[in-house]
Amino acid sequence: MSPASSFDSVCSSPEMMNIAGNPLTSLSHSAFQSYNNDVVAAAANHKQTNKPKMSTKRRMKASEREKMRMRNLADALHHLRDYLPPDYSQRGQPLTKIQTLKYTIQYINELSDLLRKNGEGFA
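Residues numbered from 1 in each chain as written. Predicted model: local features only at pLDDT ≥ 70, side-chain atom pairs only at ≥ 80, totals over all residues. Heavy atoms only, no water.

## Concerning the overall build of the protein chain
Part 1: Scanning the protein chain for helices and strands turns up 4 helices and 0 strands.
Part 2: Going from the N terminus to the C terminus, the protein chain shows its helices and strands as α-α-α-α.
Part 3: For the protein chain, the residues scored as buried account for 11% of the 123 residues in total.
Part 4: Of the contacts made within the protein chain by residues no fewer than 6 positions apart, 17% connect residues no fewer than 24 positions apart.
Part 5: Of the roughly 10600 Å² of accessible surface on the protein chain, 59% is carried by carbon and sulfur atoms. (Helix = DSSP H or I, 4+ residues; strand = E, 2+ residues; numbered from the N terminus. Buried < 20%, exposed > 50% of the residue type's maximum accessible area, 1.4 Å probe, protein only. Contact = heavy atoms within 4.5 Å. Areas by Shrake-Rupley, 256 points an atom, 1.4 Å probe, with all protein chains shown as cover.)

## Comments concerning a positive patch on the surface
Part 1: On the surface, Lys-57, Arg-58, Arg-59, Lys-61 and Arg-65 cluster together into a positively charged patch.
Part 2: Position of Arg-65 relative to the elements: it lies in helix H3 (residues 56-83). (Patch = residues over 30% accessible without salt bridge, like charges linked within 9 Å, V, L, I, M, F, W, Y side chains within 5 Å. Salt bridge = Lys/Arg side-chain N within 4 Å of Asp/Glu carboxyl O. Lys, Arg positive; Asp, Glu negative; His and termini not counted. Charge placed at Lys NZ, Arg CZ, Asp CG, Glu CD.)

## Let's talk about the environment of Leu-73
Part 1: Its place among the elements puts Leu-73 in helix H3.
Part 2: Residue classification places Leu-73 among the partly exposed residues on the basis of a relative accessible area of 35%.
Part 3: The sequence separation of Leu-73 and Lys-97 amounts to 24 residues, and the corresponding C-alpha distance is 9.3 Å.

## Thoughts on the pattern of salt bridges
Part 1: Under the criterion given, the structure shown has 2 salt bridges.
Part 2: In this structure, the salt-bridge partner of Arg-69 is Glu-66, at a minimum N-O distance of 2.9 Å. Here the residue Arg-69 and the residue Glu-66 both occupy positions in helix H3, the gap between them amounting to 3 residues, near one helical turn.
Part 3: Overall, the relative accessible area of 45% leaves Arg-69 in the partly exposed class.

## Some details on the packing of aromatic side chains
Part 1: Counting across every chain of the model gives 2 aromatic pairs.
Part 2: On the basis of an interplanar angle of 45 degrees and a centroid distance of 5.3 Å, the ring pair of Tyr-88 and Tyr-103 is categorised as tilted. Residue Tyr-88 is found in the loop between H3 and helix H4 (97-122), and its partner Tyr-103 is found in helix H4; the two are separated by 15 residues along the sequence.
Part 3: Classification of Tyr-88 as buried rests on a relative accessible area of 11%.
Part 4: Taking relative accessible area as the criterion, Tyr-103 reaches 22% and is therefore assigned partly exposed. (Phe/Tyr/Trp six-rings, centres within 6.5 Å; stacked < 30°, edge-to-face > 60°.)

This is the structure in structure tokens:
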């Protein structure tokens, strides 16, 4: 298929028709070719800018660091759950990470309100 015929087939596609069913005329053949060349150049540049692969040893060290980070986070959240009253747990199921953080914030706010109310009574 020649470039001209591919241009004609693209311009007669439903995407290139206006509401009345007439072909859109704002896209000239040269504009189409320019756009097409830009897309091809961008794809070629994208392939050239890919990062080189990380060495196996470096990847394993990074993986181990990530595992340790996640273990530390899980330990911290487990420790935080120990401070929440049992009312916040869901029928014996462990709280999710986000639930733990939200309930901790809620509990701290409730304790703060309680301290404020008690402080007003003494003033």
